[in-house]
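Examining the three-dimensional arrangement
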Amino acid sequence: MDPDSLFSLLLIVMMVLWGVYFSASETAFSALNRIRIKNMAEEGSKRAALVLKLHEDFDNLLSTLLVLNNVVTLVAAALSTLLFVKYFGDIGATLSTIVLTIIVVFFGDITPKSLAKESPEKFAMFCAPLIHVLMIMNTPINFIFAQWKTVLSRIFNTTSDDRMTEEELYSIVEEAQHDGVIDENDKLLIENAIEFNEKKASDILTPRIDIAAIAEDSTVDEIAQMFIETEFSRLPVYSDTIDHIVGVVHMRDFFNYTIKKEVKPLRELFSPPLFVAPSMKMSDLFKELQEQKSHIAVVTDEYGGTAGIITMEDILEELVGDIWDESDEIIVEFEKIGDNQYKVICSAYVKDLFSFFQLSDDTEAESTSVSGWIMDMLGKMPEKGDTFTFENLTVIVHKIEQRRVLECIITVNDKYEQEKQPELE
């Protein structure tokens, strides 16, 4: 092989190697974990800081890599064609196309991209200094492409929204759990935190019918008996009716009062109640309770009456799940009582019912409790024995108290659907 041909061959090899470098760099910067790089930069890594800077200007970075990759590919193709025509005559161009395509696709594209994807952060930090220099050299071309992009955006009226959607955030959490980065408990905690700001006071309140409260003129014995029976640490105090809550009494303050036999009026133990609207977001309510140094909020309805109450514990349980102490009675909301048959406590959330029985994701209900959902499905005041079918479930009203459904029996129908039955823990 003469010196000119040898020189052409070396140039072709060099162009292919540059193509390998640019292809791997493109994949590395596209696949890197930005949060990981940001943490490394904050820990003092200068290479990571440079990678983060280049990634923030991703359009110019990608433009530079694509332009240079196409340039080296075209140069390699031209030199290869000349070299093959010189030695193989008329079929040289065809042979050159076949050989160079195989080399570029397999060795110059697929292989480097696959390797770079395995450790994108490491490779990005390795190639960042040279890429930075090449971006500076390619500034005029990048400017032209930026203007062209602006023109296209105006012609086709395209807008970009870089904000992450809630669905995308859930997908990231799912991937993290699937990859073993977080466990199931961490996943549930993160998902609860995502949903936290979407929930309102009306979603988690204890309805007025379930409120344990004392009258303002109750005797010491009556209050003591209520604390003993309910085992609550705090009780709302009302005047005349539950719609007029005037304060909250703490068990500690009350029993200190009785033990010390103080002579001051009992009502001086009552702390002022915090009133909130049903539409108040849970995150705002949590901050309000912290600022007011209160543990109970009274949720009022549109007429100024009492819709229910919310405690600090209720809010925390929305984040971390049920919180139990020694005095709490453990309630099993979904209990298997027979083949494909379950007893359900109707104070449970509808969302938990849908999740437990693995109902379709597009199922929505206006009510938050199973009791309200049953009433909506029946379209009337429920009576014991009322029944209806929903998807693969047959629901029978089992126990009622004061026109409210306390328990229902749910049967899972259809042998095919039984494959989706829940597994009790």
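Higher on the page you've got the structure.
Let me sum up the structure you'll find in this document. (Residues numbered from 1 in each chain as written. Predicted model: local features only at pLDDT ≥ 70, side-chain atom pairs only at ≥ 80, totals over all residues. Heavy atoms only, no water.)

Here five strands make up an open sheet; going across it, the order is β8-β9-β12-β11-β10 and the pairing antiparallel. Each edge of the open sheet is held by one strand with a lone partner, namely β8 (334-338) and β10 (387-390). Ignoring strand direction, the axes of neighbouring strands in this sheet form an average angle of 30 degrees. Pairing geometry for strand β9 (residues 341-345) and strand β12 (residues 404-412), over five bridges, is antiparallel. (Pairing = 2+ DSSP bridges. Helix = DSSP H or I, 4+ residues; strand = E, 2+ residues; numbered from the N terminus. Axes fitted to C-alpha atoms, helices over the stretch in contact; angles between N-to-C directions.)

Pairing geometry for β10 and strand β11 (residues 393-401), over four bridges, is antiparallel. In the sheet register, Thr 387 faces β11, and the bridge partner there is Ile 396. In this structure, the hairpin formed by β10 and β11 is closed by a connection of two residues, where Glu 391 is found at a positive phi of approximately 50 degrees. Pairing geometry for β11 and β12, over eight bridges, is antiparallel. Directly across from Lys 399, in β12, lies its bridge partner Glu 407. With antiparallel pairing between neighbouring strands as the criterion, β11 and β12 make up a hairpin whose turn holds two residues, including Gln 402 at a positive phi of roughly 50 degrees.

Summed over all chains, the structure comprises 18 aromatic pairs. Residues Trp 18 and Tyr 21 carry aromatic rings whose centres are separated by 5.9 Å and whose planes lie at 85 degrees to one another, so their mutual orientation is edge-to-face. Highlighted residues: Trp 18 and Tyr 21, both in helix α1 (residues 3-31), separated by three residues, approximately one helical turn. The class for Trp 18 is partly exposed, based on a relative accessible area of 33%. (Phe/Tyr/Trp six-rings, centres within 6.5 Å; stacked < 30°, edge-to-face > 60°. Buried < 20%, exposed > 50% of the residue type's maximum accessible area, 1.4 Å probe, protein only.)

In space, the three strands of this open sheet follow the order β2-β3-β4, with mixed pairing throughout. For this open sheet the edge positions go to β2 (214-215) and β4 (241-250), each flanked by a neighbour on one side alone. Pairing between strand β3 (residues 234-239) and β4: six bridges, direction antiparallel. When the sheet's bridge partners are listed, Arg 234 is paired in β4 with His 250. The strands touched by helix α11 (residues 220-230) are β2, β3 and β4; relative to β3, the strand with the most contacts, the crossing angle is about 135 degrees. (Contact = heavy atoms within 4.5 Å.)

Quick look at the nonpolar core now. In summary, soluble globular proteins display a tendency toward joint burial of nonpolar side chains. Residues Phe 22, Phe 29, Ile 37, Val 51, Leu 54 and Ile 131 are the most contacted members of the largest nonpolar core, which totals 31 residues. At eight residues, the largest contribution of residues to this core is made by α1. In terms of nonpolar packing, the next biggest core, distinct from the first, is built from 24 residues, Val 344, Leu 393, Cys 408 and Val 412 among them. (Core = buried A, V, L, I, M, F, W, Y, C linked by side-chain atoms within 4.5 Å.)

The next point concerns the packing of helix α4 (residues 58-88) against helix α5 (residues 92-118). Running from N to C, α4 and α5 cross one another at 135 degrees; their axes reach a closest spacing of 8 Å. The orientation of α4 relative to α5 falls into the category oblique. Note on packing geometry: the crossing formed by α4 with α5 is right-handed. Here Ala 76, Ala 77, Ser 80, Thr 81, Phe 84, Val 85 and Phe 88 of α4 lie close against α5, whose contacting residues are Gly 92, Ala 93, Leu 95, Ser 96, Val 99 and Leu 100. For the contact of α4 with α5, the class distribution of residues is nine nonpolar, four polar and no charged. (Parallel < 35°, antiparallel > 145°, perpendicular 65-115°, else oblique. Left-handed = near helix turned anticlockwise from the far one by under 90°. Nonpolar A, V, L, I, M, F, W, Y, C, P; charged D, E, K, R; others polar.)

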